[in-house]
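Structure at a glance
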Amino acid sequence: MFEPFLISFKLASITVIVLFFISLPLAWYLSQTQSRLKPFIEALTALPIVLPPSVLGFYILVSLSQNSPIGAFFKNVFDVSLVFNFTSLVIASCFYSLPFMVQPLQSGFESINKNMLEASYIAGKSKCETLFRVALPNIKPAFITAIIVTFAHTVGEFGVVLMVGGSIPGETKVASVAIYEMVELMNYKGAHIYSAIMLGMSFIVLLSVYVFNAKHNRKFGLKR
Amino acid sequence: MIKICIKKELHGSNAAMSLDVDLTLNAGEFIALTGESGSGKTTLLRILAGLEEANGEIKVNDTSWLNAAKTLPPQKRQIGFVFQDYALFENMSVLQNLLFVSINKNLALRLLEITELTELQNRYPNTLSGGQKQRVSLCRAMMNEPKLLLLDEPLSALDPLMRRKLQDEILTLHREFNTTTIMVSHDPSEIYKLASRVIVLNQGKVTSDGNTKEILLKTQGSQKFSFTGELLELKKVDVIFIAIVAIGQQLVEVVLSEEETSELSIGDKVTISTKAFSPIIS
């Protein structure tokens, strides 16, 4: 009976991992660049926050379907369909949750003392080595926030999932969609249980982020 | 020997100005770079470090760091840089901060010993005092076995006692390693103690360059004491006038006659000097 939750967690875990590797270079680039393109890239990555999930879902659906060049390519070459399966959910979630990963990382990198990074360059370290050995270890709260909020946000998504994945039991039926269906079928008892679990979990996740950050601030001075 | 000949347009606090510097530094020299704020001192240091771009040429021994064709990145210049705000790697212990630069553990331990940090080697930067942090930063800069050591107002955030202690340590390190050093400083006593050569920068141009004594001792002719200060107050006491002048952190009283006060007004920059007499130093 808890299969939808398992799918939600699996989806969120994979999304977090994929997004982390996409967002890390992107956030690092945005924090360091003075390019005129920066506002455009920032606006693009922030779009999923303001766009209705149905709009986002619609565009993803259109561009991944077998009638589109991308969808056709994957169908012909790899014989995989990119809509109404778990893979499509991961792709959609990555778009949907992108800003929740990029923005905390970017503001974390921007808050680092620039001299610290320059000291690393002077010590002979490349930008890449500086990113992994100096920048990332020094933005732990931002890093944790990005991971947890992205995870929670992916578990909480509904519209995009429904548009792109539908509601195939055991494949794309995640917890939020399951609740929607229970209400449709007037299974209020099930909806209550599922909703309560979602509510409790979301609260615990957010609480742990704030507790961690408060602890970290106390340990390293209140500045960050 | 280090040859520097650079130009750069700056958009500083007082409108645009151009940094235009042509200098030759001898190996092992300790140079103090001084001048009003906004005169381009930090920019010059950052250009030397490769952190900012400029036109011109920088040549260190036989290696070109900067010329029309290429700019050597900071990673390849082998320099040491000490920032005013320490800029230590917060995620690493004192020893790790040093070993990050180079894995030469013997050098690291020796530097920590010279600066009396051996016992603190496993502490993290946020548990150290300002003076301790700056000593770590100094050691970290030396770990690169730098061809050129750049110190950007390294001691200005510290209290006078800690300043003096660190001045001694900088001096010890300089004697030990004989690294060519440029230090930005505003403190004449600090410059006098450490540097053998002073370069004064004003509006991006070198206005004086020479021996520390010649440039810092501002006495002329037979004057023995000469101070510049700001006139804070002029008051009449019976038949004489008393002027209160602020010289550095100190206030002094000077007795004046009425005609001497006629050309003075509050806020003036004044020079107080006196000829031969026997001062008491206690």
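Residues numbered from 1 in each chain as written. Chains lettered and ligands numbered in written order. Predicted model: local features only at pLDDT ≥ 70, side-chain atom pairs only at ≥ 80, totals over all residues.

A short note on the overall build of chain A
If you tally the helices and strands in chain A, you get 11 helices and zero strands. Listed by position from the N terminus, the elements making up chain A come as α-α-α-α-α-α-α-α-α-α-α. If one aligns the C-alpha atoms of chain A with their principal axes, the spans along those axes are about 60 × 45 × 25 Å. The buried share of chain A, taken over its 224 residues, is 36%. Put simply, of all contacts in chain A between residues at least 6 apart along the chain, 72% involve residues at least 24 apart. (Helix = DSSP H or I, 4+ residues; strand = E, 2+ residues; numbered from the N terminus. Buried ≥ 20, exposed ≤ 12 C-beta atoms within 10 Å, placed from the backbone. Contact = placed C-beta atoms within 7 Å.)

What about the environment of leucine 19 of chain B?
Residues and elements named next belong to chain B. Positionally, leucine 19 belongs in strand β2 (residues 16-25). Residue classification places leucine 19 among the buried positions, given that 23 C-beta atoms sit within 10 Å. Sequence separation of leucine 19 and glutamate 9 is 10 residues, and the distance between their C-alpha atoms is 6.2 Å. Not counting residues within four places of it along the chain, the set of residues in contact with leucine 19 comprises Lys7, Lys8, Leu10, Gly40, Thr43, Leu44 and Gly204.

Looking at the pairing of strand β11 (residues 225-237) of chain B
Residue and element names in this part refer to chain B. Where β11 lies against strand β14 (residues 269-274), six bridges are found, and the strand directions are antiparallel. Bridge pairing links phenylalanine 227 to isoleucine 272 in β14. Here β11 runs beside strand β12 (residues 240-247); their pairing, made up of seven bridges, is antiparallel. Residue pairing for β12: valine 237 is matched across the bridge by isoleucine 240. The hairpin formed by β11 and β12 contains two residues between the paired strands, and aspartate 238 there has a positive phi angle of roughly 55°. (Pairing = 2+ DSSP bridges.)

Describing the pairing of β12 of chain B
Residue and element names in this part refer to chain B. Judged from the seven bridges that link them, β12 and strand β13 (residues 250-256) form a sheet pairing that is antiparallel. Bridging from a neighbouring strand, isoleucine 242 pairs with valine 255 of β13. In textbook terms, the turn of a hairpin is the stretch between consecutive antiparallel strands, and for β12 and β13 this stretch comprises two residues, one of which, glycine 248, has a positive phi near 60°.

Here's the deal with the interface of chain B and chain A
The interface is formed by 16 residues belonging to chain B together with 16 residues belonging to chain A. Secondary structure elements with two or more residues in the side of chain B that touches chain A: β6 (79-82) and α2 (94-101) of chain B. A breakdown of the residues in the side of chain B that touches chain A according to their chemical character gives 10 nonpolar, four polar and two charged. (Nonpolar A, V, L, I, M, F, W, Y, C, P; charged D, E, K, R; others polar.)

Describing the domain arrangement of chain B
Domain parsing of chain B yields domain 1 (2-216) and domain 2 (225-274). Here the C-alpha centroids of domain 1 of chain B and domain 2 of chain B sit 38 Å apart. (Domains from an automatic or database assignment.)

As for the sheet that holds β11 of chain B
Two modes of strand pairing occur in sheets, parallel and antiparallel, and in both the strands are linked by backbone hydrogen bonds. Residues and elements named next belong to chain B. The sheet built from four strands is open, its strands ordered β13-β12-β11-β14 with antiparallel pairing. Each of the sheet's edge strands pairs with one partner strand only, and the pair in question is β13 and β14. Between one strand axis and the next, the sheet turns through 45° on average, direction left out of account. (Axes fitted to C-alpha atoms, helices over the stretch in contact; angles between N-to-C directions.)

Quick look at the nonpolar core
One finds Val164 of chain A together with Leu33, Phe81, Cys139 and Leu150 of chain B to be the most contacted residues of the largest nonpolar core, which totals 108 residues. Here the element with the most residues in this core is helix α5 (residues 86-111) of chain A; it accounts for 11 residues. Discounting chain neighbours no more than four positions away, the residues touching leucine 150 of chain B are Leu45, Leu48, Ala49, Ile79, Gly80, Phe81 and Ile182 of chain B. (Core = buried A, V, L, I, M, F, W, Y, C linked by C-beta atoms within 7 Å.)

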